[in-house]
Structure formats: structure tokens, C-alpha cells
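The residues making up each chain are set out below.
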Amino acid sequence: MDIRIDVDKLRDYMQDYYGTAAFSGFPAAFFDVEDVRRMDGYELCQRAEREGIDLRRFEVGRNNSSFWF
């Protein structure tokens, strides 16, 4: 089953995710922030899945208030 992902919200989340890592003692994560900024939607979703991020949290039309970020 395919779902539609709000790529802008996913991108914002992942930039925060890597940005937090960068400022928490992992400066190499700054490269990840830049990678995320340049990725298209498909690449971004693939990367998120590799990181273990549940893409259903970013599904268009879903009431996401029940998910913790």
C-alpha cells in the first residue's frame, strides 16, 4: 500500500534530527543536514526508512497528533 508523505515536514524533521546530533558532539552530522536539504522526496523517504523513522508520521491527511516526535 502506498501512502502520500508530506515531504516538507519530513525534511524539517530530519534536518532537526541531524542538527541536534551535530550540536550534541557529532559534527559530521552537519554533512547529513546538507544532504537532506538537497534530496528529492524519494531519496528523503529512503533515507528516513534507513534511519528507522516511521513514515506514517508524515502521511498526508493523517491526524499526526497521536505520534510523538
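The model shown is predicted, which means the values in this text are computed figures rather than measured ones.

Enquirer: Please provide a residue-by-residue account of the side chain of R47, values included.
Expert: Its place among the elements puts R47 in helix α3 (residues 41-50). At 2.6 Å, the side chain of R47 and the side chain of D32 are in polar contact. Sequence-distant contacts of R47, that is, excluding residues within four places in its chain, are made with M14, Y18, D32, D35 and M39.

Enquirer: Could you give me a rundown of α3, with the residues and numbers involved?
Expert: Three or four residues apart is the spacing at which side chains of an α-helix point the same way, because the helix has 3.6 residues per turn. Of all the positions in α3, only L44, C45, R47 and A48 are classed as buried. Buried residues in α3, looked at end-on, bunch into an arc of 165 degrees, giving them a common side. Exposed side chains of α3 directed beyond 90 degrees from the buried face belong to Y42, E49 and R50. Here the buried face of α3 lies against α1 (7-23) and α2 (29-38). N-capping of α3 is provided by D40, with a side-chain oxygen placed 3.1 Å from the backbone N of Y42. Just past α3, the residue G52 takes up positive phi, approximately 85 degrees.

Enquirer: I'd like to hear about the pattern of salt bridges, residue by residue, with values.
Expert: Taken as a whole and assessed by the stated rule, the structure comprises four salt bridges. Between R47 and D32 there is a salt bridge, and its shortest N-O distance comes to 2.6 Å. Of this pair, R47 sits in helix α3 while D32 is found in helix α2, placing the two residues 15 residues apart along the sequence. A relative accessible area of 21% means that D32 is categorised as partly exposed.

Reading guide: rules and limits
- Residues numbered from 1 in each chain as written.
- Predicted model: local features only at pLDDT ≥ 70, side-chain atom pairs only at ≥ 80, totals over all residues.
- Heavy atoms only, no water.
- Helix = DSSP H or I, 4+ residues; strand = E, 2+ residues; numbered from the N terminus.
- Polar contact = N/O pair within 3.5 Å; in protein donor to acceptor, adjacent residues only side chain to side chain.
- Contact = heavy atoms within 4.5 Å.
- Buried < 20%, exposed > 50% of the residue type's maximum accessible area, 1.4 Å probe, protein only.
- Arc of directions from axis to C-beta.
- Salt bridge = Lys/Arg side-chain N within 4 Å of Asp/Glu carboxyl O.

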